[in-house]
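# Chain and residue survey
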Number of protein chains: 2
Amino acid sequence: MKSEKISELTTNRLSVYLRCLKDLADGGHETVSSEALAKAYNLNSAQIRKDLANFGEFGVRGVGYCIKSLRENLTDILGLNSRRRVCIIGAGRLGAALANYYISSGKNFEVVALFDVDQQKIGKKISDVEVFDVKDFAAVAKRAKIEVAVLAVPAESAQSIADVVMGAGIKAVMNFAPVPLKVCEDVKLKTVDLTTSLDSLSYYLAGADRSNGKHMKPNGGGGRI
Amino acid sequence: MKSEKISELTTNRLSVYLRCLKDLADGGHETVSSEALAKAYNLNSAQIRKDLANFGEFGVRGVGYCIKSLRENLTDILGLNSRRRVCIIGAGRLGAALANYYISSGKNFEVVALFDVDQQKIGKKISDVEVFDVKDFAAVAKRAKIEVAVLAVPAESAQSIADVVMGAGIKAVMNFAPVPLKVCEDVKLKTVDLTTSLDSLSYYLAGADRSNGKHMKPNGGGGRI
DNA sequence: TGATGTGAAGCGGTTCACAGCC
DNA sequence: GGCTGTGAACCGCTTCACATCA
């Protein structure tokens, strides 16, 4: 138990561990060692132990971890005991797909509102979630107790919408617009850039094309989680 | 110019630089210094110079970088001169949204095929792209000269589909299924885990909830690109 | 014995600071 | 003078290796 700053890389892995443990529990297992867990899901056993040790001594030496209690602990650590209330801004295809994805995948997050500027869409429902006017964001966010905003809007409007979101007191933002947003210190921003991701793959392919393998990065093996 | 191994973090940033440069060019600028670029898009000037220096001496001391030629160089480095041929496997909402996203955003990638197992969808068109039976993957991939596969399938089938994709000789895979896939050494895999991303935000919110701020990680300021 | 928890080593990426060049 | 290119310092994450304990 160390109680230092926990990096985002660590919390990402905790989420992965939690899923793996669910998988094992579904398979009827009751305990698991860091080594077995690592083997099964190609992770690193030392890293698993270190990650968990940040939050307490969950294991039993000579035995491993009790899956049931470790799941409870991780759920607690990640704050997933109660469902987080999420909204998605931008009710285009990406927004709609994300809404559907988060609604249908698991019980951790609840999509309580969609927002858009398009008057055609406002008032309609997508996957049973109402689309509101982004003009009313602050009021709706307060009423619906929204904790997380997912931005699925065009690059041009992303920053101004982020400002609206922050103005409404939202502290967690996930951004799918391909721009580096500027946010306040106390707001947690996570950007998923679907464009750079593909560009990066293109670089790898270009490397394979290049006659001399100079810039190749042969480590294909998956990269970080 | 160093010609060492280039990390994925670097190539991701190159893609971001390229977009920023396009933005500047559209704004009528002709040259830019690393400092100005960093200021405008909240990046780090030393890092910009280091990243670029990996590939050549593109700048002019005392002046900065010529935007036009730097764009050409970056486009070349990232292998974005010719459009990359992409397919999307899984023609559900996420797959359809991604298809639409990549079709409408820029000219770098061309979605040439969709795949699914659902007989209802096969043969139909989504955003003008035909949906094929995933059984025919190898043949279609060869015929359509597919270079990149985007996996938008359920977690359960992700690994087996990845195996099919690799079997067909595809060397670049982008995975949206929330599982750690196992891939060959020479295949470049990029996983975007929409679940862990949200879980990670939840951890941050839980930290704000926690009475003692022990596990809080106050660095909200955007994180890595 | 067997697996955890952890100090220490190792590694890679970022930042600094300045020499070198226009 | 100004800005690039870069060695060196710094920092944080990962991996190792082992003391520790059921």
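Further up the page is the structure itself.
Within each chain, residue numbers correspond to sequence positions counted from 1 in written order. Here the convention is simple: chains get letters from A, ligands get numbers from 1, in the order in which they are written. Predicted model: local features are reported for residues with pLDDT of at least 70 only, side-chain atom pairs are reported and counted for 80 or more only, and whole-chain, interface and lining totals are derived from all residues. To obtain the side-chain values, all non-hydrogen atoms of the structure were included, while hydrogens and water were left out.

To qualify as a helix, a DSSP run of H or I must reach at least 4 residues; to qualify as a strand, a run of E must reach at least 2; elements of each kind are numbered from the N terminus. Its place among the elements puts D199 of chain B in helix α8 (residues 194-209). For the buried D199 of chain B, no salt bridge is present, and the opposite-charge side chain at shortest range is R19 of chain A, 5.6 Å distant. By the criterion applied in these results, polar contacts are pairs of N or O atoms within 3.5 Å in which, for protein atoms, one can donate a hydrogen and the other can accept it, and in which residues neighboring in sequence qualify only through two side-chain atoms. A distance of 2.6 Å separates the side chain of D199 of chain B from the side chain of S15 of chain A, its partner in a polar contact. Non-local contacts of D199 of chain B, meaning those with residues more than four positions away in its chain, are made with S15, L78, L80, N108 and F109 of chain A. Exposure is judged per residue with a 1.4 Å probe applied to protein chains only, and the accessible area is read against the type maximum: over 50% gives exposed, under 20% gives buried, and values in between give partly exposed. Under the counting rule used here, the positive set is Lys and Arg, the negative set is Asp and Glu, and His together with the chain ends is not counted. Salt bridges are defined as contacts in which a side-chain nitrogen from Lys or Arg sits within 4 Å of a carboxyl oxygen from Asp or Glu. It only takes one pair of heavy atoms within 4.5 Å for two residues to be counted as in contact.

A covalent bond bridging the sulfur atoms of two cysteines is what the word disulfide describes. Residues and elements named next belong to chain A. Cysteine sulfur atoms that come within 2.5 Å of each other are treated as a disulfide pair. Considering all chains together, one arrives at zero disulfides over all chains under this definition. For C20, which is in no disulfide, the shortest distance to another cysteine sulfur is to C66 and amounts to 17 Å. Not part of a disulfide, C87 finds its nearest cysteine sulfur in C184, a span of 16 Å.

Turning our attention to the protein's contact with DNA strand C. By nearness alone, 25 residues border DNA strand C, and S34, R49, K50 and Y65 of chain A together with R13 of chain B come closest of all. Here, DNA strand C places atoms within 4 Å of the protein, and 65% of those atoms are sugar or phosphate. At 3.0 Å from a base oxygen of DNA strand C is found a side-chain nitrogen or oxygen belonging to R61 of chain A. Contacts to DNA strand C include N44 of chain B, whose side-chain N or O atom sits 3.1 Å from a phosphate oxygen. Elements with a contribution of two residues or more to the surface near DNA strand C: α3 (45-53), β2 (59-60) and β3 (64-66) of chain A together with α1 (8-26) and α3 (45-53) of chain B. A per-element tally of the surface near DNA strand C places α3 of chain B first, with four residues. Just so you know the grouping, Ala, Val, Leu, Ile, Met, Phe, Trp, Tyr, Cys and Pro go in nonpolar, Asp, Glu, Lys and Arg go in charged, and all remaining residues, Gly too, go in polar. A per-class count over the surface near DNA strand C returns nine nonpolar, eight polar and eight charged. Near residues are defined by distance, with any heavy atom within 4 Å of the molecule or strand qualifying the residue.

What follows concerns the pattern of salt bridges. All names here are of chain A. Summed over the entire model, instances satisfying the criterion amount to 22 salt bridges over all chains. A salt bridge links K22 to D26; the nearest nitrogen and oxygen atoms lie 3.1 Å apart. Placement of the pair is K22 and D26 together in helix α1 (residues 8-26), with a separation of four residues, close to one helical turn. D26 sits in the exposed class, given a relative accessible area of 56%. Through salt bridges with shared partners, a single ionic network connects E8, K188 and K190.

Turning our attention to the nonpolar core. Ranked by size, the top nonpolar core spans 102 residues in total, and within it L194 of chain A together with L194 of chain B carry the most contacts. Aside from chain neighbours lying at most four places away, what touches L194 of chain B is L98, Y101, Y102, M174 and F176 of chain A together with L94 and F176 of chain B. Buried Ala, Val, Leu, Ile, Met, Phe, Trp, Tyr and Cys residues that are joined via side-chain atoms within 4.5 Å together make up what is termed a nonpolar core.

Residue and element names in this part refer to chain A. The end-to-end C-alpha separation of helix α7 (residues 155-167) is 19 Å, in line with the 18 Å expected for 13 residues at 1.5 Å each. Buried residues of α7: A158, I161, A162, V165 and M166, and no others. Residues of α7 that are buried sit in contact with β4 (84-89), α6 (137-143), β8 (148-151) and β9 (172-175). Directly after α7, the chain includes G169, whose backbone phi takes a positive value near 90°. To estimate how far a helix should reach, multiply one less than its number of residues by 1.5 Å.

Turning our attention to the side chain of T10 of chain B. Assignment of secondary structure puts T10 of chain B in helix α1. Those residues within four positions of T10 of chain B in sequence are excluded, and the remaining contacts are D51 and N54 of chain B.

Turning our attention to the interface of chain A and chain B. With 80 residues of chain A at the interface, the matching set in chain B holds 80 residues. Once two parts are brought into contact, the accessible area they lose, counted with a 1.4 Å probe and summed over both, makes up the buried area. When chain A packs against chain B, close to 7,100 Å² is buried across both sides, 60% of that on carbon and sulfur atoms. If you sort the residues of chain A by the area they bury against chain B, K188, L198 and L201 of chain A come out on top, with a joint share of 9%. Linking chain A to chain B there are two salt bridges. As a salt-bridge pair, D193 of chain B and R19 of chain A come within 2.6 Å of each other at their nearest N and O atoms. Where chain A touches chain B, the interface holds 25 residue pairs in polar contact (both at pLDDT 80 or more).

On to the relation of the copies chain A and chain B. We place the copies in one frame by least squares, fitting the C-alpha atoms of every residue whose pLDDT is at least 70 in both. Mapping chain A onto chain B is achieved by rotating through 180° and translating by 0.0 Å along the same axis, at an RMSD of 0.0 Å. Considering both components of the superposition, the chain copies are consistent with a two-fold axis. The rotation axis passes nearest to the C-alpha of A97 of chain A in chain A, at a distance of 3.1 Å. Both copies contact each other with a shared surface, as 100% of the interface residues of chain A are interface residues in chain B too.

Attention now goes to the sheet that holds β8 of chain A. All names here are of chain A. Note: two strands are recorded as paired if DSSP finds a minimum of 2 bridges between them. Taken in spatial order, the seven strands of this open sheet run β6-β7-β5-β4-β8-β9-β10, and their pairing is mixed. Both edges of this open sheet fall to β6 (125-126) and β10 (188-191), since each of them pairs with a single strand only. Across four bridges, the pairing between β4 and β8 is parallel. Pairing of I89 across the sheet is with L151, part of β8. Contacts from α7 reach β4, β8 and β9, with the element oriented near 170° to β8. To obtain each axis, a line is fitted to C-alpha atoms, and for helices this fit is confined to the stretch in contact; angles are then taken between N-to-C directions over 0 to 180 degrees.

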